[in-house]
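For reference, the chains in residue letters:
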Amino acid sequence: MQKILNYIDGKHQQAVSGQFLDNYNPSTGEVYSLIADSDAQDIAHAYKAAEKAFKGWKNTPTEKRAAILLKIAQLIKENLEELAKAESIDNGKPLWLAKAVDIPRAASNFEFYASGIKHWASNAHFTDQIAINYTKHEPYGVVGCISPWNLPLYLFSWKIAPALAVGNTVVAKPSEVTPMTAYLLTKICDQAGLPKGVLNVVHGLGQKAGNALVEHPKIEVISFTGGTKTGAEIASKCAPHFKKLSLELGGKNPNIIFDDCDFEKAVDTSVKASFSNQGQICLCGSRILVHASIYEKFKAAFVEKSNALNVGDPLEKSSNLGAVVSKEHMHKILACVEQAKQEGGTILLGGKRLNLSGKLKDGYYVEPTIIEGLDNNCKTNQEEIFGPVVTLQSFEDEDQAIALANDTRYGLSATIFTENLSRAHRVSNKLQAGLIWVNTWLLRDLRTPFGGVKQSGIGREGGFKAFKFFTQTKNVCIKV
Ligand code: NAD
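Here's a quick rundown of the structure.

Here is what the cut-offs are and how they apply
Residues numbered from 1 in each chain as written. Predicted model: local features only at pLDDT ≥ 70, side-chain atom pairs only at ≥ 80, totals over all residues. Heavy atoms only, no water. Patch = residues over 30% accessible without salt bridge, like charges linked within 9 Å, V, L, I, M, F, W, Y side chains within 5 Å. Areas by Shrake-Rupley, 256 points an atom, 1.4 Å probe, with all protein chains shown as cover. Salt bridge = Lys/Arg side-chain N within 4 Å of Asp/Glu carboxyl O. Helix = DSSP H or I, 4+ residues; strand = E, 2+ residues; numbered from the N terminus. Buried < 20%, exposed > 50% of the residue type's maximum accessible area, 1.4 Å probe, protein only. Expected span 1.5 Å × (residues − 1). Contact = heavy atoms within 4.5 Å. Near = heavy atom within 4 Å. Polar contact = N/O pair within 3.5 Å; in protein donor to acceptor, adjacent residues only side chain to side chain. Nonpolar A, V, L, I, M, F, W, Y, C, P; charged D, E, K, R; others polar. Domains from an automatic or database assignment. Phe/Tyr/Trp six-rings, centres within 6.5 Å; stacked < 30°, edge-to-face > 60°. Lys NZ or Arg CZ within 6 Å of the ring centre and 35° of its normal.

Nonpolar side chains collect at one region of the surface, where Phe126, Ile132, Tyr134, Ile478 and Val480 lie side by side and expose about 470 Å² of accessible area between them. Looking at the secondary structure, you find isoleucine 478 in strand S23 (residues 471-479). In this structure isoleucine 478 comes out as partly exposed when scored by relative accessible area, which is 40%.

Here you go:
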């Protein structure tokens, strides 16, 4: 069986413990590969390799660092088919989605930060003709990057590309649930000529390998994307050591449909925002708020379109949805649906595990699920489910829509459908979210700041903000 090995100091190797974890194919429920089960010893080795490589990488001319990152991007594109298939098998997402989004975006992340670093300048100014001040942005040294399972290579590369571009070396821990494409990327990095020790990838459990990375006394910077509970645990461990921390966490995003919307667009986009990637995107709109005057019409159209979605083999083009990522996650989603029923919710569509046949019979498939009749205060409308499950609620006016939208501890993104420009500005102004889309969803521009407010996170990724996060600022004042 294929073994997913650590990549430390340019070498693929087992964990020091020699232990492996099972890696499942969610579409069949079968173990199909083994993952290095790393611990603090592996993190310590990775740190040493990264520390040794730092000076050379930091002093590598920007043009050359950028060229290597561009070469990685090019090789990702050349290996699109293989990487997309690997992502689909490892995660359960439709192959067409991995081909259209995950893998091209991973290549774009490297391209974007490879070119970005050539355009990033620092500031200098005269102070009253008596001094010159110039400000430097210096890499920290070894930084830690921890990523989740929902968009595995896409979010892994979103962290490591800017960290490497500014001259840091990296110890990264991908999710143990979806480690395959990070492993394949290490082979690409080798091929692209990334010097050994510049990127070190340590696989294994969050509580063991991830925790050791966070607690490593010499790693001063942690960039984390994952659940809010994990983020809180990591923050509590970093705070006493004053580590710099970026947290991209969960969401309970509202999708607000006003009665002056383009109706067809609102329905079609809401279906995508609800069920893309089996609803396992932090930006999915999981609470759909609809103006009372069009609630019944919207409900009927939304249920009808969602009912037409095909849940099936992720490798088949005809599958709109594939499998959810793991057995545990499937049971969590189904438990949330049961809870919604106990809270008095009415299931308008789905709500069950889908049992497919043949080789897919033990796969983790969940029907697209729509629930109505719940108060915004209930757990279903307050806790992140992170699956193909959405709720519908109605509102009477703009103020009530905003109040409902803001009434959660999260604040990652929000989507508004209205053809009234003034309303779009007014509502955007009042929504508590880091990212707002009007008449669209998940339209991304890598230059824009990405991140949430409240318990959806701290800090912003994207554009030069990522370079700022991965560097420390030093001012030099010279008397003239
Ligand atoms: P998770 O928090 O369980 O795990 C994320 C990563 O952290 C994994 O690599 C895991 O191994 C590691 N980890 C777990 N415990 C750790 C610990 N104690 N110390 C160090 N590392 C630890 O999250 P997940 O289930 O993989 O991902 C789903 C969550 O991620 C959802 O809540 C989703 O909203 C969120 N997410 C947020 C964004 C964003 O940009 N805001 C993007 C994608 C996913």
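A turn of α-helix holds 3.6 residues, and therefore any two residues three or four places apart point the same way. Here helix H2 (residues 62-78) spans 24 Å end to end across 17 residues, near enough to the 24 Å set by a 1.5 Å rise per residue. Buried within H2 we find Arg65, Ala66, Ile68, Leu69, Ile72, Ala73, Leu75 and Ile76. Buried residues in H2 make contact with helix H1 (40-58), helix H3 (80-91), helix H4 (95-119), helix H5 (152-165) and helix H6 (180-192).

Attention shifts here to the site of the ligand. Of all residues adjacent to the ligand, which total 30 residues, the nearest are Trp149, Glu176, Thr230, Leu249 and Glu384. Here threonine 230 contributes a side-chain N or O atom positioned 2.6 Å from an oxygen atom of the ligand. Contact between the ligand and leucine 249: a nitrogen atom at 2.7 Å from a main-chain N or O atom of the residue. Burial of the ligand by the protein amounts to 90% of the accessible area it has alone, namely 840 Å². The element contributing the most residues to the shell around the ligand is helix H7 (residues 206-215), with five residues. Residue composition of the shell around the ligand, by class: 13 nonpolar, 12 polar and five charged. A domain split of the shell around the ligand shows at least three residues from each of domain 1 (2-249 + 454-479) and domain 2 (253-438).

On to the packing of aromatic side chains. Using the criterion set out here, one finds 12 aromatic pairs in the structure. On the basis of an interplanar angle of 50° and a centroid distance of 5.3 Å, the ring pair of tryptophan 120 and phenylalanine 467 is categorised as tilted. Taken together, the positions of tryptophan 120 in the loop between H4 and strand S6 (124-127) and phenylalanine 467 in helix H15 (residues 463-469) put the pair 347 residues apart, joining distant regions of the chain. Classification of phenylalanine 467 by relative accessible area gives buried; the value is 1%. Here the aromatic cluster, defined as three or more aromatic residues joined through ring pairs, consists of Phe112, Tyr113, Trp120, Trp158, Phe464 and Phe467. The ring of tryptophan 158 has arginine 105 lying over it, and the distance from NZ or CZ to the ring centre is 5.4 Å. One residue, lysine 297, lies across the ring of phenylalanine 263, its end atom 4.2 Å from the ring centre.

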